[in-house]
Amino acid sequence: MRKKERYEKVIAWFQANVPVAETELHYNNPYELLIAVILSAQCTDKRVNMITPPLYKDFPTPEALAASTPEVIFEYIRSVSYPNNKAKHLVGMAKMLVNDFNSKVPDNMDDLIKLPGVGRKTANVIQSVVFNKAAMAVDTHVFRVSHRIGLVPDSCTTPFSVEKELVKNIPEKLIPIAHHWLILHGRYVCQARTPKCDTCGLQMMCKYFCNTYKVTKEAPKAKNK
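If you look the protein up in an unreviewed UniProt entry, it shows as Endonuclease III from Bacteroides thetaiotaomicron dnLKV9. Per UniProt, the protein carries the Sequence similarities (unreviewed entry) text "Belongs to the Nth/MutY family."

Spelled out as C-alpha cells, the structure:
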C-alpha cells in the first residue's frame, strides 16, 4: 500500500469510528492543562487526574503557585513519577509565567519551551489542545502506533522525525485531532506488549498486522463494535 493511500484510509477510519477524540487530562483553563501535562511526563493521565484537584484548588493562579515552594508542592504530587523535579518545574514555570508572560500561557513553541519542565512534546500538546494549532505531540504511543501502522518509515528514529513526517502527510486541519487519535489508539488498542489486533479496525491498513499475519486465513478478524 502506498503512503498516500495508507494515510487516506487510516484517517477515514478514524473519522468514521472516532469522531470525537480529546485529551484525558482534566483541566479548566490553559494554566491547569500546563500543570497537568508537566505532571504527565512518564506518568499516567489517571494518576495525574487523581492528584490535580487539590493542586488546582489551592494554587488557582500562576501567582499563587509562584509564591509557593517546591517543598510544599512536593506534598501534593508525591505519588507521580519524579515528584522532586516536577515540583521544582511547576514553581519555576509559574514564576516565569508571572514575570515574563503576564501570567498567561504562551501560544507558541519558542516561548513555551522556555518554561521549566516544558519540552517540545509538552509545548505541542498546549498548542494543539488549547490553541487548536497544527501541532503534533509525539509521545511513546504516537511513536509506536505511527511505526506499526506504517505511517512513518523505520528511518524515523526520533520523536521529532516522526512529528515532521506526520505533519507533512496529515491535512493541517486534522492534525489536532489526529494527535489524540493516535494516542488513544495506542493506549487502548495498539498497546506496547499485547496489541489487540483481533479487535482493531485498522487491520488491513496496518503494516504490522499484515507483516505479522501475512494477511492469510490465520489472521484474526476485527470484531464489529
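Peer 1: Could you give an account of the UniProt feature "binding site: [4Fe-4S] cluster" (unreviewed entry) in the protein, naming the residues involved and the relevant values?
Peer 2: The feature "binding site: [4Fe-4S] cluster" (unreviewed entry), as annotated in UniProt, sits at Cys-190, Cys-197, Cys-200 and Cys-206 in this numbering. Over a stretch of 17 residues, the named residues converge on one spot in the fold, their C-alpha atoms separated by at most 10.7 Å. Looking at where Cys-190 falls in the secondary structure, it is placed in the loop between α11 (175–188) and α12 (207–213). If sequence neighbours within four positions are ignored, Cys-190 has contacts with Arg-144, Val-145, Arg-148, His-185 and Pro-195. Relative to the elements of secondary structure, Cys-197 occurs in the loop between α11 and α12. Apart from residues lying up to four places away in sequence, Cys-197 is in contact with Gln-203, Tyr-208, Phe-209 and Tyr-213.

Peer 1: I'd like a description of the domain arrangement of the protein, backed by residues and values.
Peer 2: When its domains are assigned, the protein resolves into domain 1 (1–19 + 135–211) and domain 2 (28–129). Averaged C-alpha coordinates put domain 1 and domain 2 at centres separated by 28 Å. At the boundary of domain 1 with domain 2, total buried surface from both sides reaches about 700 Å², with 55% on carbon and sulfur atoms. On the domain 1 side of the interface with domain 2, the three residues burying the most area are Ala-135, Ala-137 and Glu-163, jointly 46% of the side's total. Taken together, the connections running from domain 1 to domain 2 amount to 2 salt bridges. In this structure, the salt-bridge partner of Arg-187 is Asp-45, at a minimum N-O distance of 3.2 Å. Inspection of the domain 1/domain 2 interface yields 4 residue pairs in polar contact (both at pLDDT 80 or more). Looking at the side of domain 1 that touches domain 2, the element that brings in the most residues is α11, giving 4 residues.

Conventions adopted
Residues numbered from 1 in each chain as written. Predicted model: local features only at pLDDT ≥ 70, side-chain atom pairs only at ≥ 80, totals over all residues. Heavy atoms only, no water. UniProt positions renumbered as here; feature names shortened; annotations may be inferred. Helix = DSSP H or I, 4+ residues; strand = E, 2+ residues; numbered from the N terminus. Contact = heavy atoms within 4.5 Å. Domains from an automatic or database assignment. Buried area = accessible area lost by both parts, 1.4 Å probe. Salt bridge = Lys/Arg side-chain N within 4 Å of Asp/Glu carboxyl O. Polar contact = N/O pair within 3.5 Å; in protein donor to acceptor, adjacent residues only side chain to side chain.

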